[in-house]
Each structure stands twice: as structure tokens, then as C-alpha cells.
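# Report on the structure
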Amino acid sequence: MLHLIKLSVGSKDVAGLQAWQAERALTHPPLRHRTRNRPKRRDDILDGGSIYWVIAGFIQARQRVVDIIDDTMEDGTACAGIVLDPLLVPVAARAAKAFQGWRYLEPEATPPDLADHSMAPGLDALPPGLRAALRDARLI
């Protein structure tokens, strides 16, 4: 099994990514991420792999990769479509530096899922502004 990691450009939080994906899944099914660079280790990814999303400087969620298909960008350019399960699974937030494109992510390097599909224990009780400040300071 092998995973991917990708920046969610423009998303401020997991809810923002989820809202964008829900709209995109309705207007351009199936739910997928298009990429010019086709993963060469397709079979390893499809053997239970996920795409881990970096949002606001932190790995915050993952989605199971369902398939990798031939696809076309909106300008007609050929690309790969990474077809995703619509369920976004929150993970224990981990800081991640910015990078371009996607990268492979070995299973031992992945953050654990949050068992109750929520934020880390106690963080949900903090006011949103304080949570944002702590996140910006890279303390959570």
C-alpha cells in the first residue's frame, strides 16, 4: 500500500475542501483530482491507499483513492484523474511544508485517523479564533 500527499490550494479548513468537493462531484462526476503527472505506482496506491490533504500548512484529512483513470483537463490537455471516495477522514494534524504537485507518502509516515472523526480531544471546545491563532503559530 502507498499513499499520496497533496496541498489543498485555496482551502482554509476541512469544511471548505468538503464543500468544494461536494459541488464539484455534482457538476463534474466522478469526484476526482486531476493531475498532469500520472502516479507510476498505481497498483500500490489502489491497494488501500489514500490521498492526504495539506490544508493551511497541516495534514488534516485523507480520502481513499478509488481509481486512477485517464482524464482530460478543462483545456483539453490529457491528464490522470485520481478518483476519490467522498468521505473525508480527519487525521491528527501534522505540520507540512509547502510543495508543488503531489508526492508519494509511505504508510509509516501518515498521521493517525481521529477515531471519532472530529478534532483532537478538547480542541473543538476552543473558540474558533483561538484555534486559528494556535494553528497559525503551528502549536496545533
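Residues numbered from 1 in each chain as written. Predicted model: local features only at pLDDT ≥ 70, side-chain atom pairs only at ≥ 80, totals over all residues. Heavy atoms only, no water.

Assigned secondary structure in the protein consists of three helices and seven strands. For the protein, the succession of helices and strands along the chain, N to C, is β-α-β-α-β-β-β-β-β-α. Residue burial in the protein is summarised as follows: out of 140 residues, 39% are buried. A separation of at least 24 residues holds for 69% of the contacts in the protein among residues at least 6 apart in sequence. Summed over all atoms, the accessible surface of the protein reaches about 8,200 Å², with 55% contributed by carbon and sulfur. (Helix = DSSP H or I, 4+ residues; strand = E, 2+ residues; numbered from the N terminus. Buried < 20%, exposed > 50% of the residue type's maximum accessible area, 1.4 Å probe, protein only. Contact = heavy atoms within 4.5 Å. Areas by Shrake-Rupley, 256 points an atom, 1.4 Å probe, with all protein chains shown as cover.)

Inspection of every chain in the model, using the stated rule, returns one aromatic pair. Ring plane angle 75° and centroid distance 5.0 Å describe the contact between Trp102 and Tyr104, whose orientation is recorded as edge-to-face. Under the relative-accessibility criterion, Trp102 is labelled buried at 14%. One Lys or Arg, Arg41, reaches over the ring of Tyr104 and ends 5.5 Å from the middle of that ring. (Phe/Tyr/Trp six-rings, centres within 6.5 Å; stacked < 30°, edge-to-face > 60°. Lys NZ or Arg CZ within 6 Å of the ring centre and 35° of its normal.)

Attention shifts here to the environment of Gly81. Within the element layout of this structure, Gly81 appears in strand β5 (residues 78–84). For Gly81, a relative accessible area of 0% puts it in the buried group. In the structure, Gly81 is positioned 49 residues away from Arg32 in sequence and 5.8 Å away in space, judged by C-alpha atoms. Once you skip the residues sitting within four places of it in the chain, Gly81 turns out to touch Arg32, His33, Arg34, Asp67, Ile68, Ile69 and Asp71.

Moving on to the nonpolar core. Leu4, Ile45, Ile51, Trp53, Val65, Leu84 and Leu88 are the most contacted members of the largest nonpolar core, which totals 17 residues. Secondary structure elements with two or more residues in this core: α1 (14–27), β3 (50–55), β4 (58–72) and β5. (Core = buried A, V, L, I, M, F, W, Y, C linked by side-chain atoms within 4.5 Å.)

A complete count under the given rule lists eleven salt bridges for this structure. One salt bridge in this structure joins Arg38 and Asp70, with 2.3 Å as the shortest N-O distance. Within this pair, whereas Arg38 is found in the loop between β2 (32–35) and α2 (42–46), its partner Asp70 is found in strand β4, the two being separated by 32 residues in sequence. We classify Arg38 as partly exposed; its relative accessible area is 34%. Arg62 serves as the salt-bridge partner of Asp113, at 2.8 Å between the closest nitrogen and oxygen. Here the residue Asp113 occupies a position in the loop between β7 (102–105) and α3 (128–136), and Arg62 occupies one in strand β4, the gap between them amounting to 51 residues. Assessed through its relative accessible area of 36%, Asp113 is described here as partly exposed. Overall, the relative accessible area of 18% leaves Arg62 in the buried class. (Salt bridge = Lys/Arg side-chain N within 4 Å of Asp/Glu carboxyl O.)

Before going further, it helps to examine the environment of Pro39. Inspection of the secondary structure assignment puts Pro39 in the loop between β2 and α2. You can call Pro39 buried: its relative accessible area is 3%. C-alpha of Pro39 to C-alpha of Ala80: the two residues are 41 residues apart in sequence and 8.2 Å apart in space. Among all residues touching Pro39, those that are not within four sequence positions of it are Ile45, Ile68, Ile82, Trp102 and Tyr104.

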